[in-house]
Amino acid sequence: MAGTYPIRWQFYIKSIPASIPFLPQSWRDKMLGDIGGGSEVDINDPIVRMIAYATEYYAVKLPVPNLITEEQLKGLNMPVYAALAEKSSLHDSEAAVYVAKTNVKNIDVKNWPDATHSLPMEFPEQINRELLDFMAANEDE
């Protein structure tokens, strides 16, 4: 697959127990924690609840969409902000940064050191500030 990278196979293995409703909740929480890069799941957190509901009720529709191609990335004409997590359990963030910088004309991409797939929950104020700054810098585009 030229330039695009699939989700790591380990994610699929971990997501199976997280999405089977009849398994004990503690097992499902453990897998959600592993996927998110954290050790514990706080079910009282609204974002954690949303993710838990998504794993419980999400249904795959076939055919599954194809990954975006390099050609499609090169065709993006709008400013793009991409925040990637260095320690994501889902993808190789260094490879994704390379693909983004190589193919997207107007991109602001950051590979957050020490961040996991739970990046927005780990650094909410910093991500919020970066997004607001990006939008302000590009509001005429």
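Definitions and limits used
Residues numbered from 1 in each chain as written. Predicted model: local features only at pLDDT ≥ 70, side-chain atom pairs only at ≥ 80, totals over all residues. Heavy atoms only, no water. Core = buried A, V, L, I, M, F, W, Y, C linked by side-chain atoms within 4.5 Å. Buried < 20%, exposed > 50% of the residue type's maximum accessible area, 1.4 Å probe, protein only. Helix = DSSP H or I, 4+ residues; strand = E, 2+ residues; numbered from the N terminus. Contact = heavy atoms within 4.5 Å. Polar contact = N/O pair within 3.5 Å; in protein donor to acceptor, adjacent residues only side chain to side chain. Salt bridge = Lys/Arg side-chain N within 4 Å of Asp/Glu carboxyl O. Phe/Tyr/Trp six-rings, centres within 6.5 Å; stacked < 30°, edge-to-face > 60°. Lys NZ or Arg CZ within 6 Å of the ring centre and 35° of its normal. Patch = residues over 30% accessible without salt bridge, like charges linked within 9 Å, V, L, I, M, F, W, Y side chains within 5 Å. Areas by Shrake-Rupley, 256 points an atom, 1.4 Å probe, with all protein chains shown as cover. pLDDT = per-residue confidence, 0-100.

Remarks on the nonpolar core
So, point 1. Formed by Tyr81, Ala85, Trp112, Ala115, Leu119, Ile127 and Phe134, the largest nonpolar core amounts to 7 residues.
So, point 2. If you list the elements that add at least two residues to this core, you get β1 (80–85) and α7 (124–137).
So, point 3. Those residues in contact with Trp112 that sit more than four places away from it in its chain are Tyr81, Ala83, Leu84, Ala85, Glu86, Leu119, Phe123, Gln126, Ile127 and Glu130.

Some thoughts on helix α5 (residues 93–103)
So, point 1. Residues of α5 that are buried include every one of Ser93, Ala95, Val97, Val99, Ala100 and Asn103, and no others.
So, point 2. Residues of α5 that are buried make contact with α4 (70–74), β1 and β2 (107–112).
So, point 3. One side-chain oxygen at the N-terminal end of α5 lies 3.2 Å from the backbone nitrogen of Glu94; it belongs to Asp92.

So, the pattern of salt bridges
So, point 1. For the coordinates displayed, the defined rule picks out 3 salt bridges.
So, point 2. For the salt bridge of Arg129 with Asp133, the shortest nitrogen-to-oxygen distance reads 2.9 Å. With Arg129 and Asp133 both in helix α7 and 4 residues apart, this pair spans about one turn of that helix.

What about the packing of aromatic side chains?
So, point 1. Within this structure, the stated rule accounts for 2 aromatic pairs.
So, point 2. A ring pair is formed by Tyr81 and Phe134, whose centres lie 5.7 Å apart and whose planes are at 50°; its orientation type is tilted. Taken together, the residues Tyr81 in strand β1 and Phe134 in helix α7 connect sequence positions 53 residues apart.
So, point 3. Residue classification places Tyr81 among the buried residues on the basis of a relative accessible area of 16%.
So, point 4. Classification of Phe134 as buried rests on a relative accessible area of 15%.
So, point 5. The ring of Trp112 has Lys110 lying over it, and the distance from NZ or CZ to the ring centre is 3.8 Å.

Looking at unusual backbone geometry
What is expected of a backbone is that most residues other than glycine have negative phi and most peptide bonds are trans.
So, point 1. Located in the positive-phi region is Asp114, a residue other than glycine, with phi close to 65°.
So, point 2. Turning to its location among the elements, Asp114 is positioned in the loop between β2 and α6 (119–122).

Observations concerning the environment of Asp114
So, point 1. In sequence terms Asp114 and Ala85 are 29 residues apart; their C-alpha atoms lie 7.3 Å from each other.
So, point 2. Contact partners of Asp114, with chain neighbours within four places excluded, come to Glu86 and Lys87.

Observations concerning the environment of Ala85
So, point 1. Within the secondary structure, Ala85 sits in strand β1.
So, point 2. Of the residues examined, Ala85 reaches a relative accessible area of 5% and is grouped as buried.
So, point 3. Here Ala85 is in contact with His91, Ser93, Asn111, Trp112, Ala115, Thr116, His117 and Leu119, once residues within four sequence places are set aside.

Points about a nonpolar patch on the surface
So, point 1. Together, Leu131, Leu132 and Met135 make up a nonpolar patch on the protein surface, roughly 250 Å² of accessible area in all.
So, point 2. Within the secondary structure, Met135 sits in helix α7.
So, point 3. Using a relative accessible area of 49% as the deciding quantity, one classes Met135 as partly exposed.

Focus: the environment of Phe134
So, point 1. Once the C-alpha coordinates of Phe134 and Val80 are considered, the two residues, 54 residues apart in sequence, prove to be 8.8 Å apart.
So, point 2. Ignoring any residue separated from it by four or fewer positions in sequence, one finds Phe134 in contact with Pro79, Val80, Tyr81 and Asp108.

Let's talk about the confidence of the model for the chain
So, point 1. Across the chain, the average pLDDT comes to 79, with 66% of residues at 70 or higher.
So, point 2. Here helix α1 (residues 9–18) stands out as the element of the chain with the lowest mean pLDDT, 62, in contrast to β2, whose mean of 95 is the highest.

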